[in-house]
Amino acid sequence: MQIIYSDLLCIGAGLAGERVAVEAAKAGFNVTCLSIVPPRRSHSSAAQGGMQAALGNAIMGDGDTPDVHFADTVKGSDWGCDQEVARIFADTAPIVMREVAHWGVPWNRVEAGVHTYYKGGKPFEAEEKLEKHGLIHARAFGGTAKWRTCYTADGTGRSVLNTLDSMCLRYEVGIHDRTQAETLIHDGENCLGAIVRCLKTGELKAYLATATLIATGGYGRIYKATTNAVICDGGGQIAALDTGLVPMGNMEAIQFHPTGTVPTDILVTEGCRGDGGTLLDVNEYRFMPDYEPEKAELASRDVVSRRMQEHIRKGLGVKSPYGDHLWLDIRHLGEKHITTKLREVYDICTNFLGVNPIHDLIPVRPTQHYSMGGIRTNRDGAAYGLKGLFSAGESACWDMHGFNRLGGNSLAETVVAGRYVGKKIVEFLKGHTVDFKQSAINDAHAKVAARIMEMTKSSSKQESAIQLRDEMHSTMMDNVGIFRNGKDLQKAVDTLDELIDRSKNIKLQGTAIGFNPEISLALRIPGMLKLAQCTAYGALMRTESRGAHTREDFPERNDKDWLNRTLAYWKEGSTRPELKYEDASPYFEIPPGERGYGGGKIIAADIPEEKLRLPKNSAEKKKAKQTKKAS
Amino acid sequence: MSRRLHIEVFRYNPLDPNSEPHMQSFYVNEYDSMTLFIALNIIRDEQDPTLQFDFCCRAGICGSCGMVINGRPGLACHTQTRDLPDHIVLHPLPVFKLIGDLSVDTGTWFRDAGARIEAWVHNDHEQFDPKAEEVRMENDLANEIFELDRCIECGCCVSACGTARMREDFLGATSIARVARFYLDPRDERNEENYYQVIGNDQGVFGCMGLLGCEDVCPKHIPLQDQLGIMRRMLAIHSVKGILPKRVLEKLQHKGCCHESH
């Protein structure tokens, strides 16, 4: 078996993985990135909208500060986030946007003078300031008090990923594409790297590293209808969960994006609504202001998705062979705006839907989009349970998103966390050596090799991976969607119990020498079922409604009992995770309160006085900073 | 009403000593809004689980699924079957190394090209001051740079390129447009001579035969033809800098670009 050694192994080479890689490579460490696809094809490239950072350059973002950004993020999370982490994020986001600008991102810039913008479909005029001319501009996104989303037309993910990938080239980060990490190598205390399958030859290799980062994005592919790319199958989370030592945080917190298109589930950006697009029903009536008078289409995503579903349930959706949907209307933005600032949207509509958004309405419905949950890490990005294992980006539960993340906050998180966690990994590498135990390497290799051997050779097995995938898809769609209840969730949990049992008997249908794509799916399905079970079981046990987790049978946000984070551990051989809980936040800089949109009752918590303020040292630091600023 | 599609796919597994390159026929029933992404997945799920092809975003954004569709390079995910005849023939992209069936190794090719043209903004990256305001830029220029940053590295332009088919080391329109992106970018401190070193040769701008198949097949409609012209002109003028009188050079400098008023 070939063995490849690096100081840092990044599993995943999207925005978070590459940003961490750049940080370590700049510090002189030897870094290898693994990626299922060439890095520039990572799903980060599909992010159209932008990155939130309180630069306050745009006139509609005038007076913005990290404090306002922090408050929006906490409200957005429905107080489920770790406020210490959300604070780190909001404070550093502006620096990170400037840094990537220095490296080459062509952010759209402020143009001084009077411009016509749209809000809720209505045009208005605003004058951009002369002194801000040429600085990074921002657009509106849902759930925010200010316009704060930095963007490059509607290809923000693409342009930032290109830039970070160019920095990886510049700092000679080793890129091993078409590779899949199948299992982590560990000795029960330290993570030592991963056993990796080459997707060109099918060969297994050992990648050893002092530090290992998982940055593999989300696990949306446990649902049938998802905006996620084909590769977003939770490979990184599965590798971590399978150790039995590393927990997943808040797996039940799944975001449904209001504007997945019908029938292909391809996302059209929130920028459509940010730029003034509206949602219409079967009568072409704009219904959102009736539910959310203030924010309308620009309430947070969980709220808009829920209201859309509610409206469809009233029979006001548009019937189609693919199920009911609603309309997104951007016609009033005009041809120039649509073909420049929303060009990707224009391309998607014309290429995939046969709809011309300059003249036609776009069919949309809420679609699985983002996983707030993932590998639980501390604020340094270090995973619980194994030393030397880190995670950043969507794959992690760092946890700045809590139970709902704001549009533009996750794309920003990739690079902000990437930079922050990258620095922490550099510190770790400087002070740490590790003993690569031959036995741990052999055990991990034997485990993967045996799995492949069994599904290829065994005569007693007969389950089809494709069949199991399809059954998982339908139970998740039917029972673990936007509106949830105990009865349906129990049904999902029972079904998944059974599917997990059956997944031990997967048998390949075909054979091929070298790389066989069927093995990729067959290796992934048992893990995907476990992630699905963490989601369904976590949702069943969480008897409240918070953010994107909406229980019809428990409509209140119950701060008294549930102001916490679910931690799901998986013991080998089990069909269900073991759930533990920890406090949502070490302290509450902003005490739990009303979000100001979405409605709903809150059962108040008794939070001890000392947790309702910043801990002493960080409060002093903040005060010192403010006095310094004032002087 | 719905058609029964005859999809003929190139099959070859280079790792299997018994495998011979051949075409294999599959049949699927067409339905509304069907794309080649859907059709190929139906084939793999229901008829042959070993069939190799690449999809990722399935939304025309990531560039994974370039292949030759009825003789023309294109993205399979945004090709709707209703725009094709009922007999569809699929080949892997030429030029790139074949991994198997319809899957080719674009990753290695583009990484190598990126390293050769040093595809990053050349400035002092360490010099970044976290407390300083960003360097200002005109929005129009940002848009022009982004226009060239839209390349998804699908490889269609390289596959459609006559020169790339003849010489293995040709950098292709995609790399030249990439250099043009850095040439436009004031943050990149390289001068004309530096760019000349990189693409002022037969592997770069002077290798192009001007067939412009690249522009015809680019799924993102990137103005590859213009960029080839702009870069070739800039570098040609640079190469005769010491020979032609300054007056003539100045006259030449600002012509030939469709974005400028002449």
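Residues numbered from 1 in each chain as written. Chains lettered and ligands numbered in written order. Predicted model: local features only at pLDDT ≥ 70, side-chain atom pairs only at ≥ 80, totals over all residues. Heavy atoms only, no water.

The name an unreviewed UniProt entry assigns to chain B is succinate dehydrogenase, from the organism Halodesulfovibrio spirochaetisodalis. Taken verbatim from the UniProt record of chain B, the Sequence similarities (unreviewed entry) comment is "Belongs to the succinate dehydrogenase/fumarate reductase iron-sulfur protein family." Taken from UniProt, the Subunit (unreviewed entry) comment for chain B reads in full: "Part of an enzyme complex containing three subunits: a flavoprotein (frdA), an iron-sulfur protein (frdB), and diheme cytochrome b (frdC)." (UniProt positions renumbered as here; feature names shortened; annotations may be inferred.)

Going by an unreviewed UniProt entry, chain A carries the name succinate dehydrogenase and comes from Halodesulfovibrio spirochaetisodalis. For chain A, the Subcellular location (unreviewed entry) comment in UniProt is given as "Cell inner membrane".

**Student:** I keep staring at the overall build of chain A and nothing clicks. Help me out?
**Tutor:** Secondary structure summary: chain A contains 17 helices and 24 strands in total. For chain A, the residues scored as buried account for 67% of the 631 residues in total. A separation of at least 24 residues holds for 73% of the contacts in chain A among residues at least 6 apart in sequence. Summing over all exposed atoms, chain A offers an accessible surface of approximately 20,800 Å²; the carbon and sulfur share of this is 50%. Here chain A holds 79 positive side-chain charges and 79 negative ones, and the gap between their average locations is 3 Å. (Helix = DSSP H or I, 4+ residues; strand = E, 2+ residues; numbered from the N terminus. Buried < 20%, exposed > 50% of the residue type's maximum accessible area, 1.4 Å probe, protein only. Contact = heavy atoms within 4.5 Å. Areas by Shrake-Rupley, 256 points an atom, 1.4 Å probe, with all protein chains shown as cover. Lys, Arg positive; Asp, Glu negative; His and termini not counted. Charge placed at Lys NZ, Arg CZ, Asp CG, Glu CD.)

**Student:** What should I look at first to understand the pairing of strand β5 (residues 122-128) of chain A in this one?
**Tutor:** When a strand is regular, its side chains alternate between the sheet's two faces. Direction of pairing for strand β4 (residues 113-119) of chain A relative to β5(A): antiparallel, over a ladder of seven bridges. Across the sheet, residue Y117(A) finds its bridge partner in β5(A), namely F124(A). (Pairing = 2+ DSSP bridges.)

**Student:** What's the story with the domain arrangement of chain A in this structure? I'm lost.
**Tutor:** Interfaces are often described in size by the accessible area the parts lose on coming together. All names here are of chain A. Per the domain assignment, the segments making up chain A are domain 1 (1-108 + 137-253 + 372-630) and domain 2 (254-369). Relative to domain 2, the C-alpha centre of domain 1 lies at a distance of 27 Å. Contacts between the two partners involve 44 residues from domain 1 and, on the opposite side, 36 residues from domain 2. Of the roughly 3,100 Å² buried where domain 1 meets domain 2, counting both sides, 52% is carbon and sulfur surface. Together, Q48, T227 and I482 form the three largest contributors to the area buried by domain 1 at its contact with domain 2, with a combined 20%. Where domain 1 packs against domain 2, one counts three salt bridges. Of the charged contacts, one joins E552 and R313 as a salt bridge, the two residues approaching to 2.8 Å between their closest N and O atoms. Counting across the interface, domain 1 meets domain 2 through 23 residue pairs in polar contact (both at pLDDT 80 or more). When grouped by side-chain class, the residues that make up the side of domain 1 that touches domain 2 number 17 nonpolar, 18 polar and nine charged. (Domains from an automatic or database assignment. Buried area = accessible area lost by both parts, 1.4 Å probe. Salt bridge = Lys/Arg side-chain N within 4 Å of Asp/Glu carboxyl O. Polar contact = N/O pair within 3.5 Å; in protein donor to acceptor, adjacent residues only side chain to side chain. Nonpolar A, V, L, I, M, F, W, Y, C, P; charged D, E, K, R; others polar.)

**Student:** Is there a simple way to explain helix α3 (residues 83-103) of chain A in this structure?
**Tutor:** Residues lying three or four places apart along an α-helix face the same way, a consequence of the helix completing one turn every 3.6 residues. Residue and element names in this part refer to chain A. Spanning 21 residues, α3 covers 30 Å between terminal C-alpha atoms, matching the ideal 30 Å at 1.5 Å per step. Considering bend angle alone, the principal kink of α3 is centred on T92 and spans about 40°; proline P94 follows within four residues of it. Across the 21 residues of α3, 18 count as buried, placing the element largely inside the fold. Between the side-chain oxygen of the N-cap and the backbone nitrogen of E84 there are 3.0 Å, and the N-cap of α3 in question is D82. A positive backbone phi angle near 135° is found at G104, which sits one or two residues after α3. (Expected span 1.5 Å × (residues − 1). Bend = angle between axes of the 7 residues up to and from the residue.)

**Student:** Can you help me understand the domain arrangement of chain B in this one?
**Tutor:** All names here are of chain B. Partitioning chain B into structural domains gives domain 1 (4-104) and domain 2 (117-253). Computed from C-alpha atoms alone, the centre-to-centre distance between domain 1 and domain 2 is 32 Å. The interface of domain 1 with domain 2 comprises 14 residues on the first partner and 14 residues on the second. Both sides together, the interface formed by domain 1 and domain 2 hides about 1,000 Å², and carbon and sulfur atoms give 67% of it. Of all residues in domain 1, P73, P94 and V95 give up the largest surface area on contact with domain 2, accounting jointly for 37% of the area buried on that side. Remark: the boundary between domain 1 and domain 2 carries zero salt bridges. Our enumeration of links across domain 1 and domain 2 arrives at three residue pairs in polar contact (both at pLDDT 80 or more). At four residues, strand β4 (residues 72-75) tops the list of elements feeding residues into the side of domain 1 that touches domain 2. Within the side of domain 1 that touches domain 2, the residues separate by chemical class into eight nonpolar, five polar and one charged.

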